[in-house]
Amino acid sequence: MKGPARPESLILAGVLVPFALLLVAGFLLTADDPARPAPPVALTAAPPPALPPPPPVRPRPALEADAGAALPAATDAAVPEEEPPPGLEGAFAVLRRALTYCFTDAPHHPTSTHLRVSFRARPDGRFDGYRLLARDWQDPYFEACVEDVFEEVAFAPLASGSPILVTHTFVLGAR
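Residues numbered from 1 in each chain as written. Predicted model: local features only at pLDDT ≥ 70, side-chain atom pairs only at ≥ 80, totals over all residues. Heavy atoms only, no water.

Enquirer: Tell me about the state of the cysteines, residues and numbers included.
Expert: All chains considered together, the criterion is met by 1 disulfide. Each sulfur of the disulfide joining Cys102 and Cys145 lies 1.9 Å from the other. Between Cys102 and Cys145, the disulfide has an S-S torsion of -70° and is therefore left-handed. Of this pair, Cys102 sits in helix α2 (residues 89-105) while Cys145 is found in helix α3 (residues 140-152), placing the two residues 43 residues apart along the sequence. We classify Cys102 as buried; its relative accessible area is 3%. (Disulfide = S-S within 2.5 Å. Helix = DSSP H or I, 4+ residues; strand = E, 2+ residues; numbered from the N terminus. Buried < 20%, exposed > 50% of the residue type's maximum accessible area, 1.4 Å probe, protein only.)

Here you go:
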């Protein structure tokens, strides 16, 4: 023989049963009817306003005190690109390709730029000691890309057993 229903059971049944019925009714009433097509979407919104052109970029002075003055503007032909040191022609070909990619990948790059850097070419085919000495165009994303190039790019190992210290001006873009 069973005893009378406990008050907790009645409360649970009185709360859970109506809650379950409300859930079922909500699902049935909010379900999409496949026979009813969706209302058309209006595509007459106004286009977003055009972005203003970027501000003009001015040359920034040299970063290092011993580097002298800033490089002249890229439109001046006063700073020719130096020849690579003997034995580093292959390394410079790899660097030039990677630096050109950084330059052309920058969103608002000028037609050309001069970039003066110093670094060591290690005998194992890696670069270290990279320093940006001067540039005639300032873009933090470009400069970060250049730094990544010197950290990640490798070249054919050197025949000599000692690192070669290099200071070089790269001319990127139209010549």
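Still more ground to cover, so stick around.
Enquirer: Describe α3, listing the residues and the values that go with them.
Expert: An α-helical turn contains 3.6 residues, so a residue and the one three or four places further along point in the same direction. Taking 1.5 Å as the rise per residue, α3 with 13 residues should run 18 Å; its terminal C-alpha atoms sit 18 Å apart, in good agreement. Every buried residue belonging to α3 is among Phe142, Glu143, Val146, Val149 and Phe150, and all of these are buried. The arc that holds the buried residues of α3, viewed along the axis, is 110°, so those residues lie on one side. Seen from the buried face of α3, the exposed residues on the opposite side, beyond 90 degrees, are Pro140, Tyr141 and Glu152. As for α3, its buried residues are in contact with α2, β1 (112-121), β2 (127-135) and β3 (164-173). One side-chain oxygen at the N-terminal end of α3 lies 2.9 Å from the backbone nitrogen of Tyr141; it belongs to Asp139. (Expected span 1.5 Å × (residues − 1). Arc of directions from axis to C-beta. Contact = heavy atoms within 4.5 Å. Polar contact = N/O pair within 3.5 Å; in protein donor to acceptor, adjacent residues only side chain to side chain.)

Enquirer: I'd like a description of the pairing of β1, backed by residues and values.
Expert: Across the 10 residues of β1, 8 count as buried, placing the element largely inside the fold. Relative to β3, β1 runs antiparallel, the two sharing 10 bridges. Looking at β3, one finds that Phe119 is bridged to Val166. (Pairing = 2+ DSSP bridges.)

Enquirer: Tell me about a nonpolar patch on the surface, and please be specific about residues and values.
Expert: Judged by side-chain polarity, Ile11, Leu12, Val15 and Leu16 come together as a nonpolar surface patch covering roughly 400 Å² of accessible area. The topology assignment puts Leu16 in helix α1 (residues 7-30). (Patch = residues over 30% accessible without salt bridge, like charges linked within 9 Å, V, L, I, M, F, W, Y side chains within 5 Å. Areas by Shrake-Rupley, 256 points an atom, 1.4 Å probe, with all protein chains shown as cover. Salt bridge = Lys/Arg side-chain N within 4 Å of Asp/Glu carboxyl O.)

Enquirer: Could you give me a rundown of the packing of aromatic side chains, with the residues and numbers involved?
Expert: This structure, assessed with the given rule, holds 10 aromatic pairs. Both rings, one in Phe103 and one in Trp137, keep their centres 5.7 Å apart while their planes meet at 85°; by these two values the pair is edge-to-face. A residue pair is termed long-range when its members are at least 10 positions apart, and Phe103 in helix α2 and Trp137 in the loop between β2 and α3 qualify at 34 residues. When sorted by exposure, Phe103 lands in the same class as Trp137, which is buried. Relative to Phe142, the ring of Trp137 lies with its centre 4.8 Å away and its plane at 45°, an arrangement referred to as tilted. The pair Trp137 / Phe142 is uniform in exposure class, with both members buried. (Phe/Tyr/Trp six-rings, centres within 6.5 Å; stacked < 30°, edge-to-face > 60°.)

Enquirer: For the nonpolar core, give the residues involved together with the corresponding values.
Expert: Core analysis: the largest hydrophobic core is formed by 26 residues, its most contacted members being Leu88, Phe119, Phe127, Phe142, Phe150 and Phe170. Looking at this core, the elements with two or more residues in it are α2, β1, β2, α3 and β3. Looking at which element gives the most residues to this core, the answer is α2, with 7 residues. If sequence neighbours within four positions are ignored, Phe127 has contacts with Ala91, Leu95, Phe119, Arg120, Ala121, Phe150, Val153 and Phe155. (Core = buried A, V, L, I, M, F, W, Y, C linked by side-chain atoms within 4.5 Å.)

Enquirer: Give me the lowdown on the pattern of salt bridges, citing residues and values where you can.
Expert: On inspection of all chains with the given rule, the structure shows 4 salt bridges. When the shortest N-O distance is used, the salt bridge between Asp128 and Arg120 registers 3.1 Å. By relative accessible area, which is 24% here, Asp128 ends up partly exposed. Glu143 serves as the salt-bridge partner of Arg135, at 2.7 Å between the closest nitrogen and oxygen. By sharing partners, the salt bridges in this structure join Arg120, Arg122, Asp124 and Asp128 into a single network.

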